[in-house]
Amino acid sequence: MKAVIMAGGLGTRLHPLTVNLPKPLVPIVNKPLLEHLILYLKGQGITELILPLFFEPEKIKGCLGNGRRLGVRVSYLEFQEDYGTAGCVKCAEDLLEGTFLVVSGDLLTDFNLREVISFHKRRGSGFTLALTRVEDPLSYGVVTTNKLGRVIQYLEKPSWGEVFSDMINCGIYVVEPEVLDKVPSHQFFDFSNDLFPLLLQAGFPLYGFVCTGYWRDVGNLDDFRLANWELLAGKAQLPIGGRSIHQGGADIWMAEGVRVEGGVEFRGKVVLGEQSQLGRGVRITSSIIGPMCQIEDGVEIEKSVLLPQAKVRRGAELRGTILGFRAEVKARAILSHFSVVGDGCVIGQGAQIRENVRIWPAKKVEAGSTLSSTLVWGQGWNRELFTEAKVSGIANSELTPEFSSKLGAATGAFWGNGRRVAISHDPGNSSQMISRALTSGLLSSGVIVEELGIVPLPLLRFELRWGGESAGVHIRQSPYEEKMADIIFFEEGGKDLSVRRTKSIERLFYREDFPRPSFEGIGRLEHSNRVQELYREKFLQAIDPSPLASNKPKVVIDYSHGSAAAIFPPILGTLGCEVVSLNADLDPQRLTRSRESFDKSLKQLSSIVTSLKAEAGFLLDVVAEKLYIVDSSGQLLSNDMALLLVTSLFLEVDKPRRIAVPITASQEVERMAEERGVEVIRTRDDHRAMMEAAELEGVGFVGGTRGGFIYPDFQVGCDAMFATAKLLELLAKSGKTVRESVGRIRESKLIKREVFCPRERKGKVMRGLMRETEEISRELIDGIRLHYPGGWVLLLPDSRRPYFWVLAEFDDPQRGERLAADYMERIKSLQEKGGED
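Everything in this summary refers to the structure shown in the same document. (Residues numbered from 1 in each chain as written. Predicted model: local features only at pLDDT ≥ 70, side-chain atom pairs only at ≥ 80, totals over all residues. Heavy atoms only, no water.)

Here we look at the overall build of the chain
Secondary structure assignment for the chain yields 21 helices and 54 strands. For the chain, the C-alpha radius of gyration of 30 Å lies close to 28 Å, the compact-globule estimate for 837 residues. Across the 837 residues that make up the chain, the buried fraction comes to 59%. In the chain, the share of contacts with a sequence separation of at least 24, taken over all contacts with a separation of at least 6, comes to 59%. Of the side-chain charges in the chain, 104 are positive and 109 negative, and the distance between the mean point of each set is 3 Å. (Helix = DSSP H or I, 4+ residues; strand = E, 2+ residues; numbered from the N terminus. Rg over C-alpha atoms; globule rule 2.2 N^0.38 Å. Buried < 20%, exposed > 50% of the residue type's maximum accessible area, 1.4 Å probe, protein only. Contact = heavy atoms within 4.5 Å. Lys, Arg positive; Asp, Glu negative; His and termini not counted. Charge placed at Lys NZ, Arg CZ, Asp CG, Glu CD.)

Digging into the pairing of strand E18 (residues 269-272)
Summarising the sheet, strand E15 (residues 250-254) and E18 pair through four bridges and their orientation is parallel. Bridge pairing links aspartate 251 to lysine 269 in E18. Sheet topology note: the E18/strand E21 (residues 288-289) ladder contains two bridges and is parallel. Bridged to valine 271 within E21 is isoleucine 288. (Pairing = 2+ DSSP bridges.)

Things to note about the sheet that holds strand E48 (residues 699-703)
The strand order across the open sheet formed by four strands is E47-E46-E48-E49, and the pairing between neighbours is mixed. Whereas interior strands pair on both sides, the edge strands pair on one side only; in this sheet they are strand E47 (679-683) and strand E49 (709-710). Sheet topology note: the E48/E49 ladder contains two bridges and is antiparallel. Bridge pairing in E49 links glycine 703 to phenylalanine 709.

Observations concerning unusual backbone geometry
In this structure, proline 16 follows histidine 15 across a cis peptide bond, with omega equal to 10 degrees. Note that proline 16 resides in the loop between strand E1 (2-6) and strand E2 (27-28). Even without a glycine there, the phi angle at alanine 624 is positive, about 65 degrees. Its location among the elements puts alanine 624 in the loop between strand E44 (616-620) and strand E45 (627-631). Since its relative accessible area comes to 0%, alanine 624 is described here as buried.

Some words on the packing of aromatic side chains
Overall, the coordinates contain 32 aromatic pairs when judged by the stated rule. Centre to centre, the rings of phenylalanine 714 and phenylalanine 722 are 4.3 Å apart; their planes meet at 15 degrees, and the pair counts as stacked. With a relative accessible area of 3%, phenylalanine 722 lands in the buried category. Grouping aromatic residues by their ring pairs yields a cluster made of Phe462, Trp466, Tyr535, Phe539, Phe568, Phe650, Phe701, Phe709, Tyr711, Phe714 and Phe722. The positively charged end of lysine 303 is found above the aromatic ring belonging to tryptophan 229, 4.9 Å away from the centroid. Geometry around phenylalanine 509 places lysine 406 over its ring, the cationic atom sitting 4.2 Å from the centre. (Phe/Tyr/Trp six-rings, centres within 6.5 Å; stacked < 30°, edge-to-face > 60°. Lys NZ or Arg CZ within 6 Å of the ring centre and 35° of its normal.)

Structure below.
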């Protein structure tokens, strides 16, 4: 049987170690990761190997040659384009005969592959995935199987609400050749995102086998450290090279040619690479010293990994450090925990490198200096670039002009020379700085940048829908943390940028070899106020002004010092509304609101509404996406009641065919809709899912449970300005006030509780809950929603905090309380049991 080893990855999350080195060649306990993998496959009887190569192919070929040194035979395929995982294997089709293996090139394991292959044959499977269980499944493909092992659900890199198990795809597949008939030639095609959904939809025999043993995906620097320590600890049945010595309570693996001077002290488990040299009085604790490293007198090294030919001069201290190829640490320098020094760097005499600092290759830190920045030295980044469609960081420390310019250049290279990109920002000083730097990078890639200036985020979405640009970027000061800034990316049409596209931009950003046009191809900058005029025009076309003109509602609006204050008042004036505006000045110092400040604003809004005898009050968040509603008595409506209010009025007045709400919304929505023969679609409880629902045929309204509302005929995403005007129109047409409308709505008996659950146990708990509730009618849209006579229960892991949400809603509130309490106890119990099958 042959195996295809996927060895073409860029390894961006392992930077700076992989800036000049392919990820499969990163050394784990002084042996390239790929060599560990090949020897493992050889031990499983797999000696015919095919390696598709993309990044630095000559280095991999130079390391392995034809494979004879390792007792295997290796063939290579080189690519100039990235065809994706399945697309690369498709290119090897002519080299494959019969059943074959596909193995990710960045993993360490000691699984028994013979068991996986035997299972594959017994089940008559066309494609079998090796599976294992992990504490945090969010970074992997989560798999659910039936009792026979047939895959019934697969979701790549899910949110916590979509995690139905802690069982994941290990990146090891047993494959029948007919599967490749379903993979297009010379096109990007991925196993997880493209092929698996296709196979599941077609009813193809796709199976999963749960493996036992050691497995580690060496995907980032934390995994790199863990892989080294785990191999030293004997957690994997993989060999460690060198002569094993037990000395003074320490376990030492010593390769040939090592020279150790007097007075050297070892503690814990230590590996010494061939021809490494240790001077007098050196102290090494639980560390790996690479081949040909030079450690001078008096050096202290603790819990560190030194790659080949590194040099550490007299009296230096390394604590929890990774030191790259040929890097040099001068005398008495101190390197702290989780620091990473790239290849060929020189750390000057007496310099100090603080915790978590990463230094790109070939950089020099001056003698006596202290480096404490959390940014990688050079234009790098110390974590994954994107969170969903957003890059966030500390303004002018992480999100510097240099960083932003490079991000703009990488983004522009992805979108392509000559494409049009709209960019906007809030009034914050840091937002304007980042916007200009990002614009410079975009222009350097040949992109035409349309500068919209200071506008609310919904106007950028609107421009992308109606203006035809290829993409958009909005920069804002974080609404939650004053020093933080967000760079948010959008696709053509106004939706948030997809995960696949963010990954493509991230690869370009880290590779730093993206194309730049000649002088003649530099992009141009255009300034436009057209979007505000078009927005106003379309806005007024989408609202019926006649009932508002005759009713002339008196309202109070708090703009939260955001840029909606420059857009919305003239529109409301045209509609005939009498408006009192609060916090309508653009104040860059007040764009971030604490909970205390927010509550104070709501209290002020409530007080002014009652004192002026206004019909209602509205608070728009600073980016004008979320809406908070106060009735004429000064009562703030909860987000759940606001959704029921708007839904009730929309159903009564506009009479849609379909509406959509999140899985967390009250069942009163269905009851309202059923009375009028309207279909309700349930979505995940996030903005992108709401936007996707808004695109479905016949959907006239999408309401959220956190103050967001989408009206698809006008806007692709949440727009608090339009939602305010639309609500006023619906109220005027119904002839009722907010308070009167709320009084006619059946009170929701929705119960919300939370249970503490550490992040690393959430997957196990979800697996246990899935098993315990399999006989109950349920929905798996976001978390587990269980249907009972007279009500429902939702079990939903919190996406950010170490908690589970338990929501229950029943006609009999006491039953809801009992079931909520019961499931809270189950969640606590499953944490202790681990939810084992």
